[in-house]
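Chain by chain, the residues run as shown.
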Amino acid sequence: MAKIGKRSAKANEAFVGKSLISVEDAVKLIKGAASAKFDETLEIAMNLGVDPRHADQMVRGVVQLPNGTGKTVRVAVFARGAKADEAKAAGADIVGAEDLMETIQQGKIEFDRCIATPDLMPLVGRLGKILGPRNLMPNPKVGTVTMDVKTAVEAAKGGEVQFKVEKAGVIHAGIGKVSFDEAKLAENVRAFVDAVAKAKPAGAKGTYVKKVSLSSTMGPGVSLDIASATA
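Let me begin by describing the structure that accompanies this report. (Residues numbered from 1 in each chain as written. Predicted model: local features only at pLDDT ≥ 70, side-chain atom pairs only at ≥ 80, totals over all residues. Heavy atoms only, no water.)

### With respect to the environment of P118
For step 1, the next point in the chain: You can see P118 is positioned in the loop between strand 5 (113-116) and helix 5 (121-125).
For step 2, the next point in the chain: Each C-alpha atom, one on P118 and one on M147, is 6.9 Å from the other, the two residues being 29 residues apart in sequence.
For step 3, the next point in the chain: If sequence neighbours within four positions are ignored, P118 has contacts with V145, T146 and M147. (Helix = DSSP H or I, 4+ residues; strand = E, 2+ residues; numbered from the N terminus. Contact = heavy atoms within 4.5 Å.)

Below, the structure written as structure tokens:
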């Protein structure tokens, strides 16, 4: 059995007996217990009453967090001509077409978000087996297949978070840094929960949001009072 360090043990003690608490109390608890030598990410996990194996129960979407994520997002754009120039001007880190496809096929994936103009999707489609499992495949439903590459790049750079339910019916995301003010983190939590709530699929039956938990990158988690998270 792994030995628990003093800092971890102290953090765990602070969480004993704490569950179903308000967003503000959870954020305060997590900020107070974060002790890593780097700026940890505030992570959210939502257990949903869906089975994503059924198409009418898939949950996916995008949310612009009011206070950003605190993370530097590297953006790649598949575009040509004027649209390629537009992407570069908007701050895209990598812009290309066939050359970018070849780079990815060689195993070089040096980006966190991938955007494409519709005319280049047949090209991007060849990369499905590489980009798909990494949740990097451009998708019109979340605004990453678009002719408005300027807006898409700026959104990705400005704190936009994509979400997609996993096989077990859970959504995970990083929604800020523990160094953020408590009020800003609480705002981000509620914005994310609201976006997932609005993305409720037609096939969902019974209780949709079953559980919401918060944690820091290296710290223990705590469950939220769902009513507080949706207020």
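### Some remarks on the pairing of strand 8 (residues 209-216)
For step 1, the next point in the chain: Of all the eight residues making up strand 8, six are buried; the element is thus mostly covered by neighbouring parts of the structure.
For step 2, the next point in the chain: Here strand 1 (residues 41-48) pairs with strand 8 via seven bridges, running antiparallel. Paired with I44 across the strands is L214, a residue of strand 8.
For step 3, the next point in the chain: Note: strand 8 against strand 9 (residues 221-223), three bridges, orientation antiparallel. Across the sheet, L214 pairs through a bridge with V222, a residue of strand 9.
For step 4, the next point in the chain: The hairpin formed by strand 8 and strand 9 contains four residues between the paired strands. (Buried < 20%, exposed > 50% of the residue type's maximum accessible area, 1.4 Å probe, protein only. Pairing = 2+ DSSP bridges.)

### Brief notes about the sheet that holds strand 5
For step 1, the next point in the chain: In space, the three strands of this open sheet follow the order 4-3-5, with parallel pairing throughout. Two strands lie at the open edges of the sheet, namely strand 4 (94-96) and strand 5, each paired on one side alone. Sheet twist, expressed as the average angle between the axes of neighbouring strands with direction ignored, equals 15°.
For step 2, the next point in the chain: In the sheet, strand 3 (residues 75-78) pairs with strand 5 via four bridges, with the strands oriented parallel. Looking at the pairing, V75 lines up with R113 of strand 5.
For step 3, the next point in the chain: Lying on the sheet, helix 7 (residues 149-157) is in contact with strand 3 and strand 5; it crosses strand 3 at an angle near 165°. (Axes fitted to C-alpha atoms, helices over the stretch in contact; angles between N-to-C directions.)

### Structural notes on the sheet that holds strand 7 (residues 170-177)
For step 1, the next point in the chain: Spatially, four strands are ordered 7-1-8-9 in an open sheet, and the strand pairing comes out antiparallel. Only two strands of the sheet have a single neighbouring strand rather than two, namely strand 7 and strand 9. Mean inter-strand twist for the sheet, computed between neighbouring axes without regard to direction, equals 25°.
For step 2, the next point in the chain: As judged from the six bridges shared by strand 1 and strand 7, these two strands associate in the antiparallel manner. Bridge pairing links N47 to V170 in strand 7.
For step 3, the next point in the chain: Where helix 2 (residues 23-33) meets the sheet, its contacts fall on strand 1, strand 8 and strand 9, and the angle it forms with strand 8 comes to roughly 30°.
For step 4, the next point in the chain: Its contacts with the sheet place helix 8 (residues 182-198) against strand 1, strand 7 and strand 8, and it is angled at close to 155° to strand 7.

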